[in-house]
Amino acid sequence: MKIDGVATRSLWPLADERGVGVIDQTRLPHMVAKLELTTMAAVEHAIRAMQVRGAPLIGVAGAYGLALALRADASDAALADAHRALNAARPTAVNLRWALDRMRAAVALLPAAERSAAAWREAGRIADEDVEINRAIGVYGAQLIAEVHRRRGRRVQVLTHCNAGWIATVDYGTALSAVYQAHDAGVPLHVWVDETRPRNQGLLTAWELAAHGVPHTLIADNAGGHLMQHGEIDLVIVGADRVTARGDVCNKIGTYLKALAAHDNGVPFYAAVPSPTIDWSVRDALAEIPIEDRGGDELRRVSGLNAGGEPAEVQIAPPATAVANPAFDVTPARLVSGIITERGVAAPAALAHLFPQPAAE
Ligand code: MRU
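Criteria and thresholds
- Residues numbered from 1 in each chain as written.
- Predicted model: local features only at pLDDT ≥ 70, side-chain atom pairs only at ≥ 80, totals over all residues.
- Heavy atoms only, no water.
- Pairing = 2+ DSSP bridges.
- Helix = DSSP H or I, 4+ residues; strand = E, 2+ residues; numbered from the N terminus.
- Contact = heavy atoms within 4.5 Å.
- Axes fitted to C-alpha atoms, helices over the stretch in contact; angles between N-to-C directions.
- Phe/Tyr/Trp six-rings, centres within 6.5 Å; stacked < 30°, edge-to-face > 60°.
- Buried < 20%, exposed > 50% of the residue type's maximum accessible area, 1.4 Å probe, protein only.
- Near = heavy atom within 4 Å.
- Polar contact = N/O pair within 3.5 Å; in protein donor to acceptor, adjacent residues only side chain to side chain.
- Areas by Shrake-Rupley, 256 points an atom, 1.4 Å probe, with all protein chains shown as cover.
- Nonpolar A, V, L, I, M, F, W, Y, C, P; charged D, E, K, R; others polar.

So, on to the sheet that holds strand S13 (residues 278-279). Here 4 strands make up an open sheet; going across it, the order is S13-S10-S11-S16 and the pairing mixed. For this open sheet the edge positions go to S13 and strand S16 (328-331), each flanked by a neighbour on one side alone. Alignment of strand S10 (residues 242-244) against strand S11 (residues 249-252), held across 2 bridges, turns out to be antiparallel. Each residue of the ladder has a partner; that of Arg-242, found in S11, is Cys-250. Packed onto the sheet, helix H9 (residues 255-264) meets S11 and S16 and runs at close to 30 degrees relative to S16.

What follows is the structure, encoded as structure tokens:
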């Protein structure tokens, strides 16, 4: 996608394979600052601190992190340590584990001298595949939006939660890929953007949509149900951090409440899901998906710009206030109208038909 008219990816290899460049997402939407990550430790920190975030993007960043680790030490022990450390940086989005497993499989049988170069190439392949997957998701998602337009004969009202846009992936985004491609095809639409407390990823979504010229309105997280009751929302499209074979959708905290409200109001609820986000091994989403528990200061403090336009943070709850901050929730498959993948749109129960899995031994 473009920043100030210049085609940009959210992560790119640096010259001479020194590492990767990323957009520091903790500085958005107020400033586009770029970071150079040249060690595994820097990548791990960037993922943990959410300088890079979004399930697909942390998978790709993790892959490059592993490649950088192998450059420093290509032994079996270093490979295992790097896999463990990077995987622990953010536990819920399965894309990170998926990418690290794929990287390990790509290099494990190679002699140590060949591992680093092979890992760098594999990370590049994962990044390029992410772009193609998200482009394809957008094609199918845009067809859904266009169909709503045909039926209703007026501007389509989409609600989204968190940021499933191009900066949450290498390019295009997942949920927003559908929005961008429908908009580019001339389908009139407007996006209601959930603010997404506590980290306000909705501000990133609003920033992306503004840059692409897509009409949108930022709303408080609690406004969605009210808007649905008043017929202001035609469909909900969110991203996902882990989806089970049964079609249960784990995504940013608050997604479940939106799905409940959508169900109560007959509003279709879709999740846009690249195949690396599907965890075929999970049977019971509530019991088995680890939900990241983030620090209390994300709720007690709010950051933005002060009156002078400088970055500033304010305390909104006393430091001693007890805080619970689960970062993700699970929307059961029964509340999900469809899952938009790079192979088409499936009812949750039919997801496995799109991605036949090898029979277990
Ligand atoms: O905690 P974050 O900001 O990394 O969470 C991101 C989300 O929940 C997104 O909706 C999800 O990763 C899909 S990204 C295409």
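Next comes the rest of the write-up.
On to unusual backbone geometry. With an omega of 5 degrees, the peptide bond running from Leu-28 to Pro-29 counts as cis. With respect to the helices and strands, the residue Pro-29 is situated in the loop between strand S4 (20-23) and strand S5 (34-37). The residue after Arg-197, namely Pro-198, is reached through a cis peptide bond having omega 10 degrees. Along the chain, the position of Pro-198 falls in the loop between strand S7 (189-194) and helix H7 (201-212).

Attention shifts here to the packing of aromatic side chains. Enumeration over the complete set of coordinates arrives at 3 aromatic pairs. Ring centres of Trp-280 and Phe-355 lie 6.3 Å apart, and the angle between their planes is 50 degrees; this geometry places the pair in the tilted category. Here the residue Trp-280 occupies a position in the loop between S13 and helix H10 (285-288), and Phe-355 occupies one in the segment after helix H12 (351-354), the gap between them amounting to 75 residues. Its relative accessible area of 6% is what places Phe-355 among the buried residues.

So, about the site of the ligand. Taken together, the neighbourhood of the ligand is formed by 19 residues, with Arg-53, Arg-90, Gln-201, Asp-241 and Lys-252 sitting nearest. With respect to the ligand, the side chain of Arg-53 contributes an N or O atom lying 2.5 Å from an oxygen atom. At a separation of 3.0 Å, an oxygen atom of the ligand approaches a polar backbone atom of Ala-55. Computed on the free molecule, the ligand has an accessible area of 420 Å², of which 99% lies beneath the protein chains in the complex. Elements represented by at least two residues in the shell around the ligand include exactly helix H2 (55-72) and S11. Partitioned by chemical class, the residues of the shell around the ligand number 8 nonpolar, 7 polar and 4 charged.

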